[in-house]
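# Report on the structure
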Amino acid sequence: MDENPYKAPEVAEVAAEAVISDPERIRREHLKHETSLKGAGLLMLVGALLVGISLLSVFGMPFVYSSGGGSARPRGPGLPILAVVGALLVLQLIAGVGLRRLAPWAWIPALIVSGLAVLNVPVGTLIGGYFLYLLIAPKGRRILAPDYREIMRLTPHIKYRTPWWMWLILIMVVLAVVGMFAWFSRA
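Note that the structure is predicted; figures quoted are calculated from it, not measured. (Residues numbered from 1 in each chain as written. Predicted model: local features only at pLDDT ≥ 70, side-chain atom pairs only at ≥ 80, totals over all residues. Heavy atoms only, no water.)

## Topic: the overall build of the chain
- Regarding its fold elements, the chain presents eight helices and two strands.
- Going from N to C terminus, the chain has its helices and strands arranged as α-α-β-β-α-α-α-α-α-α.
- The proportion of buried residues among the 187 residues of the chain is 25%.
- In the chain, once contacts between residues fewer than 6 apart in sequence are set aside, the share between residues at least 24 apart is 67%.
- Of the roughly 13700 Å² that the chain leaves accessible, carbon and sulfur atoms contribute 70%. (Helix = DSSP H or I, 4+ residues; strand = E, 2+ residues; numbered from the N terminus. Buried < 20%, exposed > 50% of the residue type's maximum accessible area, 1.4 Å probe, protein only. Contact = heavy atoms within 4.5 Å. Areas by Shrake-Rupley, 256 points an atom, 1.4 Å probe, with all protein chains shown as cover.)

## Observations regarding the packing of aromatic side chains
- Inspection of every chain in the model, using the stated rule, returns one aromatic pair.
- Over the ring of tryptophan 107 we find arginine 141, and its NZ or CZ is 4.1 Å from the ring centre. (Phe/Tyr/Trp six-rings, centres within 6.5 Å; stacked < 30°, edge-to-face > 60°. Lys NZ or Arg CZ within 6 Å of the ring centre and 35° of its normal.)

## Examining the packing of helix 3 (residues 79-101) against helix 4 (residues 107-118)
- Packing of helix 3 against helix 4 brings their axes to within 8 Å, and their N-to-C directions diverge by 125 degrees. The pairing of helix 3 with helix 4 is recorded here as oblique in orientation. Once helix 3 is placed against helix 4, the crossing between them reads as left-handed. Counting all contacts with helix 3, which are made through Leu88, Leu91, Gln92, Ile94, Ala95 and Leu99, the residues of helix 4 involved are Pro109, Ala110, Ile112, Val113 and Leu116.
- Taken together, the residues of the contact of helix 3 with helix 4 break down into ten nonpolar, one polar and no charged. (Axes fitted to C-alpha atoms, helices over the stretch in contact; angles between N-to-C directions. Parallel < 35°, antiparallel > 145°, perpendicular 65-115°, else oblique. Left-handed = near helix turned anticlockwise from the far one by under 90°. Nonpolar A, V, L, I, M, F, W, Y, C, P; charged D, E, K, R; others polar.)

## What about a nonpolar patch on the surface?
- On the surface, Tyr160, Trp164, Trp165, Met166, Leu168, Ile169, Met172, Val173, Val177 and Phe181 cluster together into a nonpolar patch covering about 1100 Å² of accessible area.
- With respect to the element layout, tryptophan 165 can be found in helix 8 (residues 164-184). (Patch = residues over 30% accessible without salt bridge, like charges linked within 9 Å, V, L, I, M, F, W, Y side chains within 5 Å. Salt bridge = Lys/Arg side-chain N within 4 Å of Asp/Glu carboxyl O.)

## A word on helix 4
- For helix 4, with twelve residues, the first-to-last C-alpha span of 16 Å sits near the 16 Å given by 1.5 Å per residue.
- Looking only at helix 4, the buried set comprises Pro109, Ala110, Leu111, Val113 and Ser114. (Expected span 1.5 Å × (residues − 1).)

## Focus: unusual backbone geometry
- Omega for the peptide link from valine 121 to proline 122 comes to 0 degrees, which places this bond in the cis form.
- Positionally, proline 122 belongs in the loop between helix 4 and helix 5 (123-136).
- Phi at leucine 102 is positive, roughly 55 degrees, even though this residue is not glycine.

## A few points about the environment of threonine 162
- With respect to the helices and strands, threonine 162 occurs in the loop between helix 7 (148-154) and helix 8.
- In this structure, the C-alpha to C-alpha distance between threonine 162 and threonine 35, residues 127 residues apart in sequence, is 9.7 Å.

## A closer look at the environment of alanine 48
- Tracing the backbone shows alanine 48 in helix 2 (residues 22-60).
- Ignoring anything within four residues of it in the chain, the contact list for alanine 48 reads Leu89, Gln92 and Leu93.

## Comments concerning the side chain of glutamate 34
- Here glutamate 34 shows up in helix 2.
- Accessibility expressed as a relative area gives 3% for glutamate 34, which makes it buried.
- Excluding residues within four positions of it along the chain, glutamate 34 makes contact with Arg27, Leu102, Ile143, Tyr148 and Met152.

In C-alpha cells:
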C-alpha cells in the first residue's frame, strides 16, 4: 500500500487561454471595434434623420420670389439638388442600418457615406476619416466578413460594457446642449 488515502488529489493546471475558445478569443479581440462600428451606424442614422428633416423643410418652405428687374418667378432648390440629397438620405439609411446589424453588405455604402463626409470640412472630415479608419482597418474588415456573424452567434454572452467615465461625458454633453437651448430660447 504505497498510496496515501488521505493525500489530496493532484490536479493538472490549465492555462487561462486554453479555456477560452477560438470564437471567444476573436470576439474579445474585436469587441471594442465592433461597438465602434455599431456607433458609426447610429451616427449615420442620425445624419439621415437630419438630412430628412432638411429635405422636409426644403419642401415645406415657400418659394422665394425675386424682385429684381422683371417678372417675379419662383426660386428654390432645383430638382437635381433634391434628387442628390434624397439619394444621400437613402444611402445613409442603408449604411446606418447595415452597420448597426454588422452586415457584410454595409461595407460599400458605409465607405461611400464616409468618403462624402470627409468632404464636409472640418467636422465631417474628422468624423468621416474616423469612419473610414473603422471600415478599412483589418479589424473592421474582419467584423464585416460573412463568417463573423457565426462568431457572434456562438458568443452571445460577450457584451461590451461602456466605462463609467464615458457615461459621465455623455451626461455632461446632454446637459450642455439642454442648457444652450434653454439659454437661447429664454427671449
